[in-house]
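Take a look at the letters that make up each chain.
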Amino acid sequence: MFDILYTHPDFIVVIKHPSVSVHKDEGETMLLQEVAAKTGDPKLYLVHRLDKMTSGLLLLARSSKAASVLATLFSDREIEKYYLAIGSSKPKKKQGAVIGDMERSRRSTWKLINRRDNPAITQFFSTASGQGERLL
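Since this is a predicted model, take the numbers as computed values, not measurements. (Residues numbered from 1 in each chain as written. Predicted model: local features only at pLDDT ≥ 70, side-chain atom pairs only at ≥ 80, totals over all residues. Heavy atoms only, no water.)

### Things to note about the nonpolar core
Note that soluble globular proteins tend to have their nonpolar side chains buried in a common cluster.
Argument step 1. Judged by nonpolar contacts, the single largest core of 14 residues is most densely connected at V14, L31, V35, L44, L46, L58 and L60.
Argument step 2. Those elements that provide at least two residues to this core are β2 (11-16), α1 (31-39) and β4 (56-61).
Argument step 3. When residues of this core are assigned to their parent elements, the largest contribution, 4 residues, is made by α1.
Argument step 4. Residue contacts for L44: discarding those within four places in its chain leaves I12, L32, V35, A36, L60, A61 and R62.
Argument step 5. Judged by nonpolar contacts, the second largest core, of 9 residues, contains F11, V13, A66 and A67. (Core = buried A, V, L, I, M, F, W, Y, C linked by side-chain atoms within 4.5 Å. Buried < 20%, exposed > 50% of the residue type's maximum accessible area, 1.4 Å probe, protein only. Helix = DSSP H or I, 4+ residues; strand = E, 2+ residues; numbered from the N terminus. Contact = heavy atoms within 4.5 Å.)

Rendered as structure tokens:
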């Protein structure tokens, strides 16, 4: 479900495994509760999210004050996130950017829209990885 990578007095960094929901999902225990049970924290605060199928580093605050400071750093883009995806098809461009606002769509998923009031900005690069795979 997760591995603890780093523990700090104000936050914890965990490696979230794929197929693990950050929120309570279909009767499963919430990831925050699982991490808190392991670390002995009475409560942890989610600073950002990763999709259920996405694995990677997740930053969890140990207090509401730390959560507020860290969330501000994310919203001010003082903290950057990087993803590595493995794909089977070549994109139209080797590099570029996807920019736009995000809004809820059906079944609580998110979709990219053309408006840019508070845009999500994703810069991507593509390279061949071998055996018909691409790294993005």
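### As for the packing of aromatic side chains
Argument step 1. Tallying each qualifying case throughout the model produces 1 aromatic pair.
Argument step 2. Residues Y6 and F11 carry aromatic rings whose centres are separated by 6.1 Å and whose planes lie at 35 degrees to one another, so their mutual orientation is tilted.
Argument step 3. Judged by relative accessible area, Y6 falls into the partly exposed class, the value being 45%. (Phe/Tyr/Trp six-rings, centres within 6.5 Å; stacked < 30°, edge-to-face > 60°.)

### A closer look at helix α2 (residues 64-75)
Argument step 1. With 12 residues, α2 extends 16 Å between its outermost C-alpha atoms, agreeing within 8% with the 16 Å of an ideal straight helix rising 1.5 Å per residue.
Argument step 2. The set of residues buried in α2 consists of A66, A67, L70 and F74. Looking straight down α2, one finds that the buried residues subtend no more than 100 degrees of arc, so they occupy a single side. Exposed and oriented more than 90 degrees from the buried face of α2 are K65 and S75.
Argument step 3. Its buried side turned inward, α2 meets β2, β3 (45-46) and β4.
Argument step 4. Positive phi appears at R77, one or two residues downstream of α2, with a value of about 60 degrees. (Expected span 1.5 Å × (residues − 1). Arc of directions from axis to C-beta.)

### Quick look at the sheet that holds strand β1 (residues 2-7)
Argument step 1. Strand order in the open sheet formed by 4 strands is β1-β2-β4-β3, with antiparallel pairing between adjacent strands. Only two strands of the sheet have a single partner each, and these edge strands are β1 and β3.
Argument step 2. Pairing of β3 with β4 involves 2 bridges; the strand directions are antiparallel. Residue pairing in the sheet places L46 in a bridge with L60 of β4.
Argument step 3. Of the strands in this sheet, β1, β2, β3 and β4 touch α1, which is tilted by about 60 degrees from β1. (Pairing = 2+ DSSP bridges. Axes fitted to C-alpha atoms, helices over the stretch in contact; angles between N-to-C directions.)

### Focus: the pairing of β1
Argument step 1. Pairing analysis gives 5 bridges linking β1 to β2, with the strands arranged antiparallel. Each bridged residue has a counterpart across the sheet, and for I4 the counterpart in β2 is V14.
Argument step 2. The antiparallel pairing of β1 with β2 creates a hairpin that spans 3 residues between the two strands.

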